[in-house]
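What follows is the residue order along each chain.
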Amino acid sequence: MPSFVRSPRFSAIALLSAAVLGLVIANTALGPGLERGLDWHTPWGAIGLDLSIAHWVSDGLLAVFFLLVAVELKHELVAGELANPKTAVVPAIAAVGGVLVPALVYLFVASGTPYTHGWPIPTATDIAFALGVLAMFGRGLPSTIRVFLLALAVLDDLIAIVIIAVVFAHGTDFLALGGAAVLLVVFAVLGRRLRPGSRAQPFLIVAMAVIGLVTWWLVYHSGVHATIAGVALGLVLPRRPGGTLHEHVEPWSNAIVLPVFAFVSAAVVIPAVGISELSPTFWAVVLALPVGKVIGITLFGTISGRLFRGPGRSTLSFGSVMTVGVLGGIGFTVSLLMNELAFAANQEIVDEGVLAVLVGSGIAMVASAVVVSVRARRYRQRRELSEAEATE
């Protein structure tokens with residue numbers, strides 16, 4: 001695939017375009033046909049995979065995205081910005097604030113209603129979108145802002161993975177989960193035997209692919225969400241083959257996996273109700289994503305930055321932390337998945353939740369574009385002024 005497919009800008013544009021396309025088609029004469037197509041079940045019920053096309057996308061295809069997230073997370077924890085506790089502590093605390101405050105905002109708005117269990121929806125940050133907006137509008141900003149955003153988003157993803165695995169597990173089958181754990185050990189052992197140029201490498205790769213699929217099947221039947229299989233496989237994969245896998249699969253994830261998921265998730269019919277008739281879930285998510293995220297990340301990030309200031313610890317200004325906080329309000333991919341899991345039994349609320357995620361993330365995107373552009377312009381002006389003074 002072309003190299004630009006790896007770009008955060010491409011990923012953000014592809015995601016947004018796919019989501020808009022799905023929303024538009026769902027609300028035209030083509031909508032009923034699209035709905036029937038997404039509800040069509042594949043004929044694999046005999047092996048315990050009686051899934052609709054929509055579920056194949058959210059349970060199967062999205063596992064590839066989480067596999068890459070886990071590989072990147074492992075790299076950051078072992079050799080990246082999160083490997084040093086001194087540099088990891090501030091984005092870690094900021095990430096906690098970026099999860100805790102939006103959840104509290106959601107619970108405050110939805111209190112006294114039967115929809116409080118949707119609190120995980122606004123806790124996620126879409127790393128692809130956030131980095132894409134920063135890349136498009138942040139020319140001239142110091143690299144420390146991108147590093148902080150990346151570290152925070154990776155930790156945010158880790159928290160989201162834990163929420164999905166714990167909060168949304170249902171009727172856990174520990175036998176299936178135990179079988180998956182055994183296969184993960186085998187997968188890790190085979191991964192350590194991979195050697196570039198080795199004659200056995202093609203056979204090992206095929207064996208690992210089969211083990212990975214069976215692991216996914218077992219996790220799906222265990223009652224834990226199937227995407228957690230992708231996370232587990234990525235975490236046990238040794239760094240070198242993990243890096244190779246990330247390099248080869250990332251373009252496909254950016255060009256196909258995430259846009260298809262965004263298209264399918266956003267393909268909802270806009271409710272024919274007045275604004276006052278929308279459920280508390282809608283307003284809770286719309287408020288919690290752009291507002292809760294910026295408050296949580298800015299507050300926790302600024303306070304922790306002051307508390308843990310010292311040698312070897314990079315400290316961002318209040319404005320820079322707030323910039324990251326505004327970017328953190330772009331929930332999108334994982335928020336859409338959380339919404340689907342939280343309200344699986346109520347399709348009407350699922351649809352409102354999708355619209356809320358799109359609106360809330362859209363507000364955060366516009367706000368991010370403005371804030372990032374203004375700060376980038378100021379940094380460029382300061383640099384130009386410094387260069388001019390140096391030449392005098």
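As annotated in an unreviewed UniProt entry, the chain carries the name Na(+)/H(+) antiporter NhaA and is attributed to Curtobacterium salicis. Under the Function (unreviewed entry) heading, UniProt states for the chain: "Na(+)/H(+) antiporter that extrudes sodium in exchange for external protons." The chain has a UniProt comment under Catalytic activity (unreviewed entry) that states "Na(+)(in) + 2 H(+)(out) = Na(+)(out) + 2 H(+)(in)".

Engineer: Can you help me understand unusual backbone geometry in this one?
Structural biologist: Apart from glycine, the bulk of residues carry a negative phi angle, and the bulk of peptide bonds sit in the trans form. Notably, Phe332 is not glycine yet its phi reads approximately 55°, a positive angle. Counting through the fold element by element, Phe332 comes out in the loop between helix H12 (318–328) and helix H13 (333–342).

Engineer: Got a minute to help me understand the pattern of salt bridges in this structure?
Structural biologist: Pairing between side chains of opposite charge can happen when their charged atoms approach one another. Following the criterion strictly, the structure yields two salt bridges and no others. Between Glu250 and Arg6 there is a salt bridge, and its shortest N-O distance comes to 3.7 Å. Highlighted residues: Glu250 in helix H10 (residues 239–266) and Arg6 in the segment before helix H1 (8–26), separated in sequence by 244 residues. A relative accessible area of 34% means that Arg6 is categorised as partly exposed. With a shortest N-O distance of 2.8 Å, Lys293 and Asp156 are connected by a salt bridge. One end of the pair, Lys293, is in helix H11 (residues 280–307); the other, Asp156, is in helix H6 (residues 143–167), and 137 residues separate them in sequence. A single burial state applies to Lys293 and to Asp156, both of which are buried.

Engineer: Sorry if this is basic, but what is going on with H1 here?
Structural biologist: Residues three or four positions apart in an α-helix share a direction because the helix packs 3.6 residues into each turn. For H1, which comprises 19 residues, the first-to-last C-alpha distance of 27 Å matches the rise-based estimate of 27 Å (1.5 Å per residue) to within 8%. Taken together, the buried positions of H1 are occupied by Ser11, Ala12, Ala14, Leu15, Ala18, Ala19, Gly22 and Ala26. Angular distribution of buried residues about the axis of H1 spans 165°; they occupy a single face of the element. The backbone nitrogen of Arg9 lies 3.0 Å from a side-chain oxygen of the residue at the head of H1, namely Ser7.

Engineer: Can you help me understand H10 in this one?
Structural biologist: The end-to-end C-alpha distance of H10 is 35 Å, clearly below the 40 Å that 28 residues give at a rise of 1.5 Å each. In the structure, H10 departs most strongly from a straight axis at Ser253, where the bend amounts to approximately 50°.

Engineer: When you look at the environment of Glu81 in this model, what are you seeing that I'm missing?
Structural biologist: Checked against the element boundaries, Glu81 lands in the loop between helix H3 (53–78) and helix H4 (85–110). In this structure the C-alpha to C-alpha distance between Glu81 and Gly274, which are 193 residues apart in sequence, comes to 47 Å. Beyond its immediate sequence surroundings of up to four residues, Glu81 is in contact with Glu76, Thr87, Ala88 and Val147.

Engineer: Sorry, what's going on with the packing of H11 against H12 here?
Structural biologist: The packing of two helices is summarised by the inter-axis angle and the distance between the axes. Packing of H11 against H12 leaves a shortest axis separation of 8 Å and a crossing angle of 145°. Of the two elements, H11 crosses H12, and the hand of that crossing is right-handed. Contact with H11, carried on its side by Lys293, Val294, Ile297, Thr298, Gly301, Thr302 and Arg306, involves Phe318, Val321, Met322, Val324, Gly325, Val326 and Gly328 of H12 and no other residues of that element. Of the residues in the contact of H11 with H12, the class split is seven nonpolar, five polar and two charged.

Engineer: Even after reading the chapter, I still don't get the packing of aromatic side chains, so can you show me in this structure?
Structural biologist: For any pair of aromatic rings, the description consists of the separation of the ring centres together with the inter-plane angle of the planes. Taken as a whole, this structure holds seven aromatic pairs when the rule is applied. Arranged with centres 5.4 Å apart and planes meeting at 75°, the rings of Phe65 and Phe66 form a pair that is edge-to-face. Judged on exposure class, the residue Phe65 and its partner Phe66 are both buried. Ring plane angle 15° and centroid distance 5.8 Å describe the contact between Trp216 and Tyr220, whose orientation is recorded as stacked. Residue Trp216 and its partner Tyr220 are located together in helix H8 (residues 201–222), separated by four residues, close to a single helical turn. Connected via pairs of aromatic rings, a cluster forms that spans Trp44, Trp56, Trp216 and Tyr220. Lying over the aromatic face of Tyr379, Arg382 brings its terminal NZ or CZ to 5.5 Å of the ring centre.

Engineer: Even after reading the chapter, I still don't get the side chain of His246, so can you show me in this structure?
Structural biologist: Tracing the sequence through the fold places His246 in helix H10. By relative accessible area, His246 is classed as buried at 18%. With sequence-adjacent residues up to four places away left out, His246 is seen in contact with Arg6, Leu68, Val71 and Glu72.

Thresholds, definitions, all that
- Residues numbered from 1 in each chain as written.
- Predicted model: local features only at pLDDT ≥ 70, side-chain atom pairs only at ≥ 80, totals over all residues.
- Heavy atoms only, no water.
- UniProt positions renumbered as here; feature names shortened; annotations may be inferred.
- Helix = DSSP H or I, 4+ residues; strand = E, 2+ residues; numbered from the N terminus.
- Salt bridge = Lys/Arg side-chain N within 4 Å of Asp/Glu carboxyl O.
- Buried < 20%, exposed > 50% of the residue type's maximum accessible area, 1.4 Å probe, protein only.
- Expected span 1.5 Å × (residues − 1).
- Arc of directions from axis to C-beta.
- Polar contact = N/O pair within 3.5 Å; in protein donor to acceptor, adjacent residues only side chain to side chain.
- Bend = angle between axes of the 7 residues up to and from the residue.
- Contact = heavy atoms within 4.5 Å.
- Axes fitted to C-alpha atoms, helices over the stretch in contact; angles between N-to-C directions.
- Left-handed = near helix turned anticlockwise from the far one by under 90°.
- Nonpolar A, V, L, I, M, F, W, Y, C, P; charged D, E, K, R; others polar.
- Phe/Tyr/Trp six-rings, centres within 6.5 Å; stacked < 30°, edge-to-face > 60°.
- Lys NZ or Arg CZ within 6 Å of the ring centre and 35° of its normal.

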